[in-house]
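These are the residues of each chain, in order.
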Amino acid sequence: MIDVQNEEDTREVPLQKVGVKGVKYPVTVLDKENKTQSTTAVVDLFVNLPHHFKGTHMSRFIEIFHKHHENLTMKHFLEMLEEIRVHLNAQKSYGEMTFPFFMEKKAPVSGQSAIMSYTCKYEGTVSETERQFFVSIQVPVTTVCPCSKAISEYGAHNQRGLVVVKLLYSDFFWIEDVIKMVENCASNGLYSLLKRKDEKYVTEHAYENPRFVEDVVREVYLALRNFKIEKPFKWFSVECTNAESIHNHDAYAYTEYQE
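Residues numbered from 1 in each chain as written. Predicted model: local features only at pLDDT ≥ 70, side-chain atom pairs only at ≥ 80, totals over all residues. Heavy atoms only, no water.

Enquirer: Residues and numbers for the pattern of salt bridges, please.
Expert: Inspection of the entire model under this criterion finds nine salt bridges. Two residues, aspartate 177 and lysine 32, come together in a salt bridge whose shortest N-O distance is 2.7 Å. Linking aspartate 177 in helix H4 (residues 175-185) with lysine 32 in the loop between strand S1 (15-31) and strand S2 (35-49), this pair joins segments that are 145 residues apart in sequence. According to the relative accessible area criterion, aspartate 177 is partly exposed, its value standing at 25%. The closest approach of N and O atoms between lysine 200 and glutamate 204, which form a salt bridge, is 2.6 Å. Highlighted residues: lysine 200 and glutamate 204, both in helix H5 (residues 196-207), separated by four residues, approximately one helical turn. Beyond isolated ion pairs, a larger network of salt bridges with shared partners links Glu82, Arg85 and Glu128. (Salt bridge = Lys/Arg side-chain N within 4 Å of Asp/Glu carboxyl O. Helix = DSSP H or I, 4+ residues; strand = E, 2+ residues; numbered from the N terminus. Buried < 20%, exposed > 50% of the residue type's maximum accessible area, 1.4 Å probe, protein only.)

Enquirer: Provide a residue-level description of H5, including the pertinent values.
Expert: Taking 1.5 Å per residue, 12 residues should reach 16 Å; H5 reaches 17 Å between its end C-alpha atoms and fits that length. Buried residues of H5: Asp198, Val202 and Ala206, and no others. Axial view of H5: buried residues confined to an arc of 60 degrees, hence all on one face. Structural note: H5 exposes Arg196, Lys197 and Lys200 on the side pointing more than 90 degrees away from its buried face. Of the surrounding secondary structure, the elements contacted by the buried residues of H5 are strand S5 (131-144) and strand S7 (188-189). (Expected span 1.5 Å × (residues − 1). Arc of directions from axis to C-beta. Contact = heavy atoms within 4.5 Å.)

Spelled out as structure tokens, the structure:
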């Protein structure tokens, strides 16, 4: 059959990225407690296209991804991208995979368990000479305003915050460990299930640990610098957005580290 994609293109316009976007697919990722967990990802896969090629073979992205979808560890994600790059005769391949990561979390006093969901993203780039891989993790938290607590005769306003850490992969780590670390840097973490005695505890605990959005970002930064892995992170970013409860805007802070 005629292979139109391999026909020569005379317009001499190279394309940095061509491929498939928004692919919804079941995947398997690592889980510290249960070894693996099944989840559903939204996936973007691309390669570069030299100017002399008319098009790429879109079906091969899906063929290769399907081959690997039940084993998408952090390291294996890059191996999947390398296979795409080689099969499509490209200089570079790119991939993003966004997925909900589920953790069973116990309430602090009653000990009752329920499932929490955290949004994670893998981002990878592979060429003949370079491999780069980032993991992003979104962690919802509670923050109590230190200023409100200091100036009020009673009470203090609080809000839900969203912390996003983006980590340049250098050594294996568990997603769960990063989530717990981030929650410990805020006034409190969130829970799916709380009984009344749990609600009393988390309310009082948050009140005793007030945090500005700036405090959260700085605490997470320091915790990542001291994170217990053999090869420390060479680059990471931390951002926090607080949905203000007494203002009609959000509070935001961002920083990044580079070795």
